[in-house]
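# Remarks on the overall topology
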Amino acid sequence: MPVYVPQGLPAIGMLADENIAIYDYDALGGRPCVDIALLNLMPTKPETERDIARALSGIEADVRMTLVNIHGHTPRHTPADYMARHYIDSCDMMSRRYDGLIITGAPVELLDFVEVGYWDELTRVFDWAVGNVRSTLYICWAAQAGLYHNYGICKHRLGEKKFGVFAHRLVSRAHAITRGMDDVVYIPHSRHTAIDAADIHACGELDVTLESDDAGVYMALSHDGREVYVTGHIEYSPLTLDAEYRRDVAKGLDIAVPSGYYAGDDPANPPVVRWRANGALMFTNWVKYYLMKK
């Protein structure tokens, strides 16, 4: 079934090129739908909107995706008129309830959490979600922020960037979000910070489902599935890591070739895409078993 987004959103045209049906809100009419808010903290907003809409496009239900900007924050990389046309304020979001909430990563991982300019407002969203959203999906930096705020689990800076596509073991099938996933799941990561796996395992309120010797815990959930924390980017398009790598090379930065990404680990070769089927399944399961449950 289609995903419905604000009128004129670039994702509609982007995904049409992939034969994925995305429509604007008018096409939904008054039909019942799964209502998901996307709090998009990424600087590359159109690309993130596209990736999340694509990940939700395989759901066997109409999905309405509301785009949300954090109150009091003016994005530096997105025109103001774009935000005004397509996004609502987080205060407006918190005046109602949603089936699901997705909170993205953000390019602030080297700051202490309390140094982030919108930290207070973001924690208000975390607290609001507890009673007003069936399940919240925290992605990358948002997962670190949520684990810190909700459970006091701290992040630490890595010696070198965790960059590439890494194999993860499916260590538990106790949660429906992993239903049908492979025993080994490949997932892109791009981050300078991490949370120690031991700290997550030591938290009696969280269940670990996917873990990697190289990249640590990818997914941990609260026992009731109302909170889902994922530390990487299973929603990424095939060329996202390539664009990031070539951008940093052009800037003259000391950036390693993303591990396990290009064929033969050679950037002259195309990426080997090994994560999209499991990624689509993860999002489908999240909506089906956590957002649509009676």
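Description of the structure in this document. (Residues numbered from 1 in each chain as written. Predicted model: local features only at pLDDT ≥ 70, side-chain atom pairs only at ≥ 80, totals over all residues. Heavy atoms only, no water.)

With that settled, the discussion passes to the overall build of the protein chain. Looking only at helices and strands, one finds 10 helices and 12 strands in the protein chain. Radius of gyration (C-alpha) of the protein chain: 18 Å, near the 19 Å computed for a compact globule of 294 residues. Each principal axis of the C-alpha atoms in the protein chain carries an extent, and together these give about 50 × 45 × 40 Å. Per-residue burial over the protein chain gives 55% buried out of 294 residues. A total of about 12,900 Å² of accessible surface is found on the protein chain, and carbon and sulfur atoms cover 50% of it. (Helix = DSSP H or I, 4+ residues; strand = E, 2+ residues; numbered from the N terminus. Rg over C-alpha atoms; globule rule 2.2 N^0.38 Å. Buried < 20%, exposed > 50% of the residue type's maximum accessible area, 1.4 Å probe, protein only. Areas by Shrake-Rupley, 256 points an atom, 1.4 Å probe, with all protein chains shown as cover.)

Here the focus is helix α7 (residues 141-151). The α-helix winds at 3.6 residues per turn, so residues separated by three or four positions along the chain end up facing the same way. In terms of burial, α7 is a largely internal element, 8 of the 11 residues being buried. Among the residues of α7, those classed as buried are Trp-141, Ala-142, Ala-143, Gln-144, Ala-145, Gly-146, Leu-147 and Tyr-151. With its phi angle positive at about 70°, Gly-152 sits one or two positions after the end of α7.

Glancing now at the environment of Glu-47. Position of Glu-47 among the secondary structure elements: in helix α3 (residues 45-56). Given the relative accessible area of 34%, Glu-47 is considered partly exposed. A C-alpha to C-alpha distance of 19 Å links Glu-47 and Thr-231, two positions 184 residues apart in sequence.

Moving on, we come to the pairing of strand β7 (residues 133-139). Burial analysis of β7 places 6 of its 7 residues in the buried class, which makes it a mostly covered element. Where strand β6 (residues 98-103) lies against β7, 5 bridges are found, and the strand directions are parallel. Bridge assignment links Ile-102 to a residue of β7, and that residue is Leu-137. After leaving β6, the chain enters helix α6 (residues 119-132) and then returns to the sheet as β7, a path that is right-handed. Across 4 bridges, the pairing between β7 and strand β12 (residues 227-230) is parallel. Residue pairing in the sheet places Tyr-138 in a bridge with Tyr-229 of β12. (Pairing = 2+ DSSP bridges. Right-handed = clockwise from strand over helix to strand, strands pointing away.)

A few words now on the environment of Thr-178. Within the secondary structure, Thr-178 sits in the loop between β8 (156-170) and β9 (184-194). A residue is classified by how much of its surface remains accessible, and Thr-178, at 0% relative accessible area, is buried. Sequence separation between Thr-178 and Val-228 is 50 residues; the distance between their C-alpha atoms is 12 Å. Contacts of Thr-178, omitting those with residues within four sequence positions, involve Leu-170, Ser-172, Arg-173, Thr-209 and Asn-285. (Contact = heavy atoms within 4.5 Å.)

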